[in-house]
Amino acid sequence: MHFFDRLADRIAAADSVVSVGLDPDPDRLPDSVLDADLPRWQFNRRIIDATHDHAACYKPNAAFYEDPDGWRALQETIAYAHGKDVPVLLDAKRGDIGNTARQYAQILDDEEGPAADAITVNPFLGRDSLEPFLQRADKGVFVLGRTSNPGGEDLQDLELASGEKLYERVVHLADLWNGNGNVGLVVGATNPDELEDIRELVPDIPFLVPGVGAQGGDAEAAVEHGLADGVGLVNSSRGIIFAGEDADARRDDSGDAFFKAAGQSAKQLKQRLNQFR
Ligand SMILES: O=C(O)c1cc(=O)[nH]c(=O)n1[C@@H]1O[C@H](COP(=O)(O)O)[C@@H](O)[C@H]1O
């Protein structure tokens, strides 16, 4: 099944476009998971238990898993999310020359364990660097379009000789690369004008819109422009998974209060976004 069909089914089932970002910063984990064999996995398991009713997708960021225990935690997390019938978008921002890109793309096909359903990629090296991902018609490939961070403007807003902005050129290319109908775009919620501009350029491509929550992005613009025919994702990571971070909840041995707060935060974001769908 194609990723965007799978995602459309999940959005309908959960009545949600919330992507829950699984970025388990080791310095912010609650006491209740610290004694586990794999604290990040234990943390994610409880976050998934608390949030899956409201999740269209889980988005683990690879940066939080790049060590041996981390990869085990990631595999367990992907399998567990699939067990709850929620797709997984691995935020890895890959992009490299051909043979390296082919190697990177194997992460979509892990024979040893469960594999992600979609991935984020960096377009800076051009089409061939993304080809091994684009060829995977069943997997979603989210190309960085206009990122949410302040420095996103340093390169992405540069005006080319043609009069286009660089990010507009990337969007145009992403559209050309979409022969398999598996391409999405990453556009930050902190840039509502660019969100609108990009939606006009590519009416049919679903967006992943990060930057609501901790980065203070525009939730209404994220929904208004992020969805293509109702399909797209609005991500919050820290705003959900660390919602229970007040000192008492964090030190509570059971972790119940901490994870309950994550569930409530995911539910609130779902309801807020649904007002604009
Ligand atoms: O590709 C991404 O997901 C991404 C792109 C972007 O422009 N901005 C952005 O914040 N992200 C990711 O989205 C998540 C945002 O996390 P919070 O700011 O905690 O909600 C992180 O994993 C970022 O790496």
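Residues numbered from 1 in each chain as written. Predicted model: local features only at pLDDT ≥ 70, side-chain atom pairs only at ≥ 80, totals over all residues. Heavy atoms only, no water.

### Some points on the pattern of salt bridges
No. 1: Using the criterion set out here, one finds 16 salt bridges in the structure.
No. 2: Here Lys 59 and Asp 91 are joined by a salt bridge, their closest N and O atoms 2.7 Å apart. Highlighted residues: Lys 59 in strand β2 (residues 57-60) and Asp 91 in strand β3 (residues 89-94), separated in sequence by 32 residues. Comparing Lys 59 with Asp 91, the two get one shared label, buried.
No. 3: For Arg 94, the salt bridge goes to Glu 66, with nearest N and O atoms at 3.8 Å. Linking Arg 94 in strand β3 with Glu 66 in the loop between β2 and α4 (68-83), this pair joins segments that are 28 residues apart in sequence.
No. 4: Residue classification places Arg 94 among the buried positions, given a relative accessible area of 12%.
No. 5: We classify Glu 66 as partly exposed; its relative accessible area is 48%.
No. 6: Among the ionic contacts, a cluster of salt bridges with common partners joins Asp 37, Asp 69 and Arg 72. (Salt bridge = Lys/Arg side-chain N within 4 Å of Asp/Glu carboxyl O. Helix = DSSP H or I, 4+ residues; strand = E, 2+ residues; numbered from the N terminus. Buried < 20%, exposed > 50% of the residue type's maximum accessible area, 1.4 Å probe, protein only.)

### Some words on the sheet that holds β2
Strand pairing in a sheet relies on backbone hydrogen bonds. The paired strands run either parallel or antiparallel.
No. 1: With parallel pairing, eight strands are arranged side by side in an open sheet as β2-β1-β8-β7-β6-β5-β4-β3. The open sheet is flanked by β2 and β3, the only strands paired with a single partner. For this sheet the average axis-to-axis angle between neighbouring strands, irrespective of direction, equals 30°.
No. 2: One ladder, built from three bridges, connects strand β1 (residues 18-22) with strand β8 (residues 233-236); its direction is parallel. Paired with Val 20 across the strands is Ser 236, a residue of β8. (Pairing = 2+ DSSP bridges. Axes fitted to C-alpha atoms, helices over the stretch in contact; angles between N-to-C directions.)

### As for the packing of aromatic side chains
No. 1: Evaluated as defined, the whole model comprises eight aromatic pairs.
No. 2: Taken together, Phe 43, Phe 242, Phe 258 and Phe 259 form an aromatic cluster joined through their ring pairs.
No. 3: A cation sits over an aromatic face here: Arg 199 above Phe 207, 3.9 Å from the ring centre. (Phe/Tyr/Trp six-rings, centres within 6.5 Å; stacked < 30°, edge-to-face > 60°. Lys NZ or Arg CZ within 6 Å of the ring centre and 35° of its normal.)

### What about the packing of helix α9 (residues 192-201) against helix α10 (residues 219-226)?
No. 1: Where α9 contacts α10, the two axes come as close as 9 Å, and the packing angle between them is 5°. With respect to α10, the element α9 is oriented roughly parallel. Contacts between α9 and α10 involve Pro 192, Leu 195, Glu 196 and Arg 199 from the former and Ala 221, Ala 222, His 225 and Gly 226 from the latter.
No. 2: Classifying every residue of the contact of α9 with α10 by side-chain character gives four nonpolar, two polar and two charged. (Parallel < 35°, antiparallel > 145°, perpendicular 65-115°, else oblique. Contact = heavy atoms within 4.5 Å. Nonpolar A, V, L, I, M, F, W, Y, C, P; charged D, E, K, R; others polar.)

### Regarding the site of the ligand
No. 1: Neighbouring residues of the ligand: 19 residues in total, closest Asp 23, Ser 148, Gln 215, Ser 237 and Arg 238.
No. 2: Contacts to the ligand include Ser 148, whose side-chain N or O atom sits 2.6 Å from a nitrogen atom.
No. 3: Considered on its own, the ligand offers 510 Å² of accessible surface; in the complex 90% of this is hidden by protein.
No. 4: Every element with two or more residues in the shell around the ligand is listed here: β3 and β8.
No. 5: Grouping the constituent residues of the shell around the ligand by class yields six nonpolar, eight polar and five charged. (Near = heavy atom within 4 Å. Polar contact = N/O pair within 3.5 Å; in protein donor to acceptor, adjacent residues only side chain to side chain. Areas by Shrake-Rupley, 256 points an atom, 1.4 Å probe, with all protein chains shown as cover.)

### So, the UniProt feature "active site" (unreviewed entry) in the protein chain
No. 1: Mapped onto this structure's residue numbering, the UniProt feature "active site" (unreviewed entry) falls at Lys 93.
No. 2: Leaving out residues up to four positions away in the same chain, Lys 93 has contacts with Asn 61, Thr 120, Val 121, Asn 122 and Leu 144.
No. 3: Within the structure, Lys 93 has its side chain in polar contact with the side chain of Asp 91 (distance 2.9 Å). (UniProt positions renumbered as here; feature names shortened; annotations may be inferred.)

### Brief notes about the pairing of strand β5 (residues 140-146)
No. 1: Of all the seven residues making up β5, seven are buried; the element is thus mostly covered by neighbouring parts of the structure.
No. 2: Two strands pair when backbone bridges link them, and strand β4 (residues 118-121) and β5 are joined in this way by four bridges, in the parallel orientation. Across the sheet, Ile 119 pairs through a bridge with Val 141, a residue of β5.
No. 3: A crossover connection joins β4 to the parallel β5 through helix α6 (residues 127-134); in handedness this β-α-β unit is right-handed.
No. 4: For β5 and strand β6 (residues 183-187), the ladder comprises five bridges, and the chain directions are parallel. Bridged to Val 141 within β6 is Val 183. (Right-handed = clockwise from strand over helix to strand, strands pointing away.)

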